[in-house]
Amino acid sequence: MNLTTALLHALKANGAKQIFGIPGDFALPYFKIIEETGILPLYTFSHEPGVGFAADAAARYHGGLGVAAVTYGAGALNMVNAVASAYAEKSPVVVISGAPGAHEASSGLFLHHQAKTLDSQYRIYQEITCDQVRLDDPGTAPKQIARVLANCKRHSRPVYIEIPRDLVAAPCEPVPALPEATVDPEAIAACADEVLARLKQAKQPVLLVGVEVRRYGVEQAVAKLAARLGIPVVTSFMGRGLLADANAPLLGTYMGIAGDPEITQLVEESDGLLLLGVILSDTNFAVSQKRIDWRRTIHAFDGAVRVGHHHYPNIPLDRLIDALLARTPDHGNRFQPAKRQYPTGLSADDGEITPQAIATAVNDLMTTHGKVPLAADTGDCLFTAMDIVHTAMVAPGYYATMGFGVPAGLGICACGERPIILVGDGAFQMTGWELGNCRRYGWDPIVIVLNNASWEMLRAFQPESHFNDLDDWNFAAMAAGMGGDGMRVRSRRELKAALDRAWRTRGRFQLIEAMIPRGVMSPTLARFVAGVKRLSMPKSA
Ligand code: TPP
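First, a word on what this report is: a plain description of the structure on this page.

Focus: the packing of aromatic side chains
Here comes step 1: Under the counting rule described, the total for this entry stands at 20 aromatic pairs.
Here comes step 2: Taking 5.0 Å as the distance between ring centres and 55° as the angle between the ring planes, the aromatic pair formed by Tyr-43 and Trp-443 counts as tilted. One end of the pair, Tyr-43, is in strand 2 (residues 42-44); the other, Trp-443, is in the loop between helix 18 (438-441) and strand 17 (446-451), and 400 residues separate them in sequence. With respect to burial, Tyr-43 and Trp-443 carry one shared label: buried.
Here comes step 3: Aromatic pair Phe-428 and Trp-433: ring centres 5.6 Å apart, planes at 70°, arrangement edge-to-face.
Here comes step 4: Judged by relative accessible area, which is 2%, Phe-428 ranks as buried.
Here comes step 5: Joined through ring pairs, the aromatic side chains of Phe-20, Tyr-43, Phe-45, Tyr-441 and Trp-443 make up one cluster.
Here comes step 6: Taking the ring centre of Tyr-87 as reference, the NZ or CZ of Arg-157 above it sits at 4.6 Å.

Take a look at the structure:
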């Protein structure tokens, strides 16, 4: 075994299913080993942000490790935003970067791709990963790889592994089993007892689930717990798509004043709000008009639990859920919330296309053919997704980077699914070109570009600025050259026909360019903007 194969076997043993990457001269030697051993399939993309987003989405979707492989400097530094996003949103992405060999580092010359010092890249990545290693000693490498991968999984955050190019084939022992975290069973028991006592006291307990529930693979267990406790469940905005296939008493998604008023009232008036794996981000809570009394909440996040003013460190989420389940017998009582109604039955006429019409058309498609996963970008497409039936979804709901949607959808394709990708024209201008890689891999996602020739979300906040006007690029016309089919649609009739055709056509990506008039947005975005504007207005005396 050599250094690279030891790493690849360890990645596979710990849940990686594939590698996304772009090589460079510092990375060619280890890419050669990836390709020739076939330990994990390799998918190359066109631009490093796409590599990072695809690895992030694959990790989110299949619940294992995502792997993004790049070259030193120009490659790795080109991926910083995508890895920062994965850090913020707790996605376990393993970044592998090639690097100069030892003799090159001591040549006295500046090396190509070097930013400031040879260590600049390592230091930059220290800020956006939870552990790092440079594999410059094959003797200690197995233990160091084990430590870094263990931290990636434990914290569910990106890690950084640098391989000097002269060591990729150095003999190396296999990576040992990852070190287990030590936990105190008594602390977990005490914590679980207090959580359940608080819930029992509450007149209106509610369970709010966030992204960690998927990251730590406890969706089914959480669904079971919610059913046994008989309390309603809602997801956070970021957690949209969680529990989509679990049998949980799920009401919908909490979005404060931008969301369903019944859900908002339920969450904000709860006297026993249990937040499981929820990131306390502004997008999850800022439009709540600060109505949540945090002293009355129970918050399990980042391996710790806070119950009112009590703090329990070192309580992994999966261990907490196990302990809660062990203390909650199944009495067969089931809370059956009223099912949220999503818009269906598009009237396929000559009327103009709105974001809401797109949600309706997608709902009709899923009603007929069954649910498919969604990948959404930032912009109104993300808010439009809130009107689509609750299905598995990846989206940058907190870090809110544009450019995520298309490569994230391809990350889902690499997991063997055919997603629907929702993306605005502004975001498509950034990373839409990754679709050109579909043909090589036989991927055929359905892509809906919401083309309003505008940075509409920004316009909503600042309508007077002309810089939010974009040109009309005619993306549909470009699809054929990239190996897909493009359809530009202007009416609801055309939209429905294009979606039906896209569904039937397999083997090529399907790009539906839905032309939406400027100024027309989804009802959820309209409420979100109105809410944020209202909350950010100075209070009158
Ligand atoms: N750059 C990145 C990488 N991410 C961002 N979120 C922004 C800039 C700021 N930003 C937020 S929304 C937006 C911009 C520029 C406009 C999005 O336009 P588009 O994708 O066309 O979607 P729309 O708002 O029209 O729905």
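With respect to the site of the ligand
Here comes step 1: Within the structure, the ligand sits among 16 residues, and Asp-380, Ala-400, Gly-426, Ala-427 and Met-457 are positioned closest to it.
Here comes step 2: Contacts to the ligand include Asp-380, whose backbone N or O atom sits 2.8 Å from an oxygen atom.
Here comes step 3: Ala-427 has a polar backbone atom sitting 2.9 Å from an oxygen atom of the ligand.
Here comes step 4: Compared with its free state, where it exposes 580 Å², the ligand has 79% of that area covered by protein.
Here comes step 5: Elements with a contribution of two residues or more to the shell around the ligand: helix 17 (425-431) and helix 19 (456-461).
Here comes step 6: With four residues, helix 17 is the single largest residue contributor to the shell around the ligand.
Here comes step 7: Looking at the shell around the ligand residue by residue, the classes come out as seven nonpolar, six polar and three charged.

Remarks on the packing of helix 4 (residues 80-88) against helix 6 (residues 120-128)
Here comes step 1: Their axes nearest at 9 Å, the elements helix 4 and helix 6 cross at an angle of 30°. Classified by the angle their axes make, helix 4 and helix 6 are roughly parallel. Contacts between helix 4 and helix 6 pair Val-80, Val-83, Ala-84 and Tyr-87 from the former with Ile-124, Tyr-125 and Ile-128 from the latter.
Here comes step 2: In terms of residue class, the contact of helix 4 with helix 6 is made up of seven nonpolar, no polar and no charged.

Here we look at the pairing of strand 12 (residues 304-307)
Here comes step 1: Taken together, the four bridges between strand 11 (residues 297-301) and strand 12 define a ladder with antiparallel strand orientation. Bridge pairing in strand 12 places Ala-300 opposite Val-305.
Here comes step 2: Two successive antiparallel strands, strand 11 and strand 12, enclose a turn made up of two residues, where Asp-302 displays a positive phi of approximately 55°.
Here comes step 3: As judged from the three bridges shared by strand 12 and strand 13 (residues 310-312), these two strands associate in the antiparallel manner.

Remarks on the packing of helix 1 (residues 3-13) against helix 7 (residues 141-155)
Here comes step 1: Two elements in contact, helix 1 and helix 7, have axes whose closest approach is 11 Å; the angle formed by their N-to-C orientations is 30°. Compared by their axis directions, helix 1 and helix 7 come out roughly parallel. Regarding helix 1 and helix 7, the two cross each other, and that crossing is right-handed. Across the interface between the two elements, Leu-3, Leu-7, Ala-10 and Leu-11 of helix 1 pack against Ala-141, Ile-145 and Leu-149 of helix 7.
Here comes step 2: The residue makeup of the contact of helix 1 with helix 7, split by class, is seven nonpolar, no polar and no charged.

A look at the nonpolar core
Here comes step 1: Core analysis: the biggest nonpolar cluster contains 49 residues, and Phe-20, Met-79, Phe-428 and Leu-435 have the highest contact counts within it.
Here comes step 2: Looking at this core element by element, the count peaks at seven residues for helix 3 (residues 48-62).
Here comes step 3: For Met-79, the residues in contact, after removing those within four places along its chain, are Glu-48, Val-51, Gly-52, Ala-68, Val-70, Val-95 and Tyr-125.
Here comes step 4: Counting 42 residues, the second largest nonpolar core, distinct from the first, contains Ala-258, Leu-382, Leu-450 and Leu-525.

Comments concerning the environment of Asp-271
Here comes step 1: Mapped onto the fold, Asp-271 is located in the loop between helix 11 (261-268) and strand 10 (272-276).
Here comes step 2: Between the C-alpha atoms of Asp-271 and Arg-340, which are 69 residues apart in sequence, the distance is 23 Å.
Here comes step 3: Apart from the residues within four sequence positions on either side, Asp-271 is in contact with Ala-202, Lys-203, Gln-204, Pro-205 and Arg-296.
Here comes step 4: A distance of 2.8 Å separates the side chain of Asp-271 from the backbone nitrogen of Lys-203, its partner in a polar contact.

Rules of the game
- Each residue is numbered by its place in its chain's sequence as written, counting from 1.
- Two thresholds apply to this predicted model, a pLDDT of at least 70 for residue-level local features and 80 or more for giving and counting side-chain atom pairs, whereas whole-chain, interface and lining totals are computed over all residues.
- By convention in this description, side-chain values take in all heavy atoms of the structure and omit both hydrogens and water.
- Aromatic rings from Phe, Tyr and Trp, taking only the six-membered ring of Trp, are treated as a pair when their centres fall within 6.5 Å; an angle between ring planes under 30 degrees marks them as stacked, one over 60 as edge-to-face, and anything in between as tilted.
- Only DSSP runs of H or I reaching four residues or more are called helices, and only runs of E reaching two or more are called strands; each is numbered from the N terminus.
- For every residue, the accessible area obtained with a 1.4 Å probe (protein chains only) is divided by the maximum for its type, and the residue is called buried under 20%, exposed over 50%, and partly exposed between those limits.
- Any Lys NZ or Arg CZ found within 6 Å of a ring centre and within 35 degrees of that ring's normal is scored as a charge over the ring.
- Throughout, the term near means that a residue has one or more heavy atoms lying within 4 Å of the molecule or strand in question.
- Residues adjacent in sequence count toward polar contacts only when both atoms are side-chain atoms; beyond that, a polar contact is any pair of N or O atoms within 3.5 Å, and within protein one must be able to donate a hydrogen and the other to accept it.
- In these tables, accessible area is a Shrake-Rupley quantity obtained with a 1.4 Å probe, and a residue counts as shielded only by the protein chains included in the view.
- Residue polarity follows a fixed list, in which Ala, Val, Leu, Ile, Met, Phe, Trp, Tyr, Cys and Pro are nonpolar, Asp, Glu, Lys and Arg are charged, and the others, Gly among them, are polar.
- Axis definition: a line fitted to C-alpha atoms, over the contacting stretch in the case of helices. Angles run 0 to 180 degrees between N-to-C directions.
- By the definition adopted for this analysis, an angle is roughly parallel if under 35 degrees, roughly antiparallel if over 145, roughly perpendicular if from 65 to 115, and oblique otherwise.
- Between two residues, a contact is recorded if the distance between any of their heavy atoms is within 4.5 Å.
- Here, a strand pair is defined by DSSP locating no fewer than two bridges between the strands.
- Helix crossings fall into two classes, left-handed where the near helix is turned counterclockwise from the far one by less than a right angle and right-handed where it is turned clockwise.
- In plain words, nonpolar cores are sets of buried Ala, Val, Leu, Ile, Met, Phe, Trp, Tyr and Cys residues tied together by side-chain atoms within 4.5 Å.

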